[in-house]
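A closer look at the structure
What follows is each chain in one-letter form.
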Amino acid sequence: CIVPAEAIDDPHDLEMTIERDGETAFRDPTNTGEMARTGDELATFYRRRNKVADLCVLVTGTCIIPPDDISLAAEDEVTIDIESGTLQNPVTGV
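Note that this is a predicted model, so its numbers are computed, not measured. (Residues numbered from 1 in each chain as written. Predicted model: local features only at pLDDT ≥ 70, side-chain atom pairs only at ≥ 80, totals over all residues. Heavy atoms only, no water.)

Right, let's get into the pairing of strand S3 (residues 77–82). The two faces of a sheet get side chains in turn, since along a regular strand they alternate between them. In terms of strand pairing, strand S1 (residues 13–20) meets S3 through 5 bridges, oriented antiparallel. Its bridge partner lying in S3, Glu19 is registered against Glu77. Judged from the 6 bridges that link them, S3 and strand S4 (residues 85–90) form a sheet pairing that is antiparallel. By the bridge assignment for S4, Ile82 is matched with Gly85. (Pairing = 2+ DSSP bridges. Helix = DSSP H or I, 4+ residues; strand = E, 2+ residues; numbered from the N terminus.)

Here it is as structure tokens:
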């Protein structure tokens, strides 16, 4: 879901959860203010050498890193929550 920035109070707060067998294996809140560069800095750098069409979205990772004893496994569910909605992805073994 893409919403305008003014539609949410704080687009920087987010929380990631890893669910395994119906239980929470990992949960961690963070704020994108902890990233080394701001979203504006990343977008400016990207546009320096690239032609960027209207409505393009720059996707970054988060600064949430589970501890070494948490490895994703098939059928885990990874959820990232922000005020405007939830991104949920199942893990599939290959």
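Continuing now.
Relative to the assigned elements, Thr17 resides in strand S1. For Thr17, the side chain forms a polar contact with the side chain of Arg27, separated by 3.4 Å. Setting aside its immediate chain neighbours within four residues, Thr17 contacts Thr24, Phe26, Arg27, Glu77, Val78 and Thr79. (Polar contact = N/O pair within 3.5 Å; in protein donor to acceptor, adjacent residues only side chain to side chain. Contact = heavy atoms within 4.5 Å.)

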